[in-house]
Amino acid sequence: QVQLVESGGGLVQPGGSLRLSCVVSGSIFSIVFMGWYRQAPGKQRELVARMFNTGSTNYADSVKGRFTISGDNAKNTRYLQMNGLKPEDTAVYYCNAVLRAGATNVEYWGQGTQVTVSS
């Protein structure tokens, strides 16, 4: 049973920082890519950042220069360092992973962690 376990959300003032972590547990073969999505109230879920197994990354335009995704492959973990947080970053952040299992790619989601940016 594969699970994605997130941590690190919370309440922070504008301009502050938070770091989210996501750990993949269970039987996996390899990580194709892992990343973070977010969903604010009344809005669609959107990609924030993701990292491929090659090390290449994608970021939403709205977070470029402020957020950094990194990983520890030995620990099956990805981190999202969020600096310069703005009220519009407030959302539930979901870890997302596509894992290789044999000849098949399987997508998984974490349970979500709330990030609130407010003074």
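Residues numbered from 1 in each chain as written. Predicted model: local features only at pLDDT ≥ 70, side-chain atom pairs only at ≥ 80, totals over all residues. Heavy atoms only, no water.

**A closer look at the overall build of the chain**
(1) Moving on: Summing up its helical and strand segments, the chain has 0 helices and 11 strands in all.
(2) Moving on: Mapped in sequence order, the helices and strands of the chain form the string β-β-β-β-β-β-β-β-β-β-β.
(3) Moving on: Relative to the 2.2 N^0.38 estimate, which gives 14 Å for 119 residues, the radius of gyration of the chain is 14 Å and therefore close to what a compact globule would have.
(4) Moving on: When contacts within the chain are restricted to residue pairs at least 6 apart in sequence, long-range pairs at least 24 apart make up 54% of them. (Helix = DSSP H or I, 4+ residues; strand = E, 2+ residues; numbered from the N terminus. Rg over C-alpha atoms; globule rule 2.2 N^0.38 Å. Contact = heavy atoms within 4.5 Å.)

**As for the side chain of Asn96**
(1) Moving on: The topology assignment puts Asn96 in strand S9 (residues 91–101).
(2) Moving on: Side chain to side chain, Asn96 and Glu107 meet in a polar contact 2.9 Å long. (Polar contact = N/O pair within 3.5 Å; in protein donor to acceptor, adjacent residues only side chain to side chain.)

**Description of the environment of Asn58**
(1) Moving on: By secondary structure assignment, the location of Asn58 is in strand S6 (residues 57–59).
(2) Moving on: It is 8.9 Å that separates the C-alpha atoms of Asn58 and Gly35, two residues lying 23 residues apart in sequence.
(3) Moving on: Setting aside chain neighbours within four positions, we find Asn58 in contact with Val48, Ala49, Arg50 and Phe52.

**Section: the sheet that holds strand S1 (residues 3–7)**
(1) Moving on: As summarised here, the arrangement of the 4 strands in space is S1-S3-S8-S7, forming an open sheet in which the pairing is antiparallel. Single-partner strands in this sheet number two, and they are S1 and strand S7 (67–72). Going from strand to strand, the sheet's axes swing by 15 degrees on average, the running direction of each strand aside. (Pairing = 2+ DSSP bridges. Axes fitted to C-alpha atoms, helices over the stretch in contact; angles between N-to-C directions.)

**Overview of the pattern of salt bridges**
(1) Moving on: On inspection of all chains with the given rule, the structure shows 4 salt bridges.
(2) Moving on: Three or more residues are tied together by salt bridges with common partners; here these are Arg38, Glu46, Arg66 and Asp89. (Salt bridge = Lys/Arg side-chain N within 4 Å of Asp/Glu carboxyl O.)

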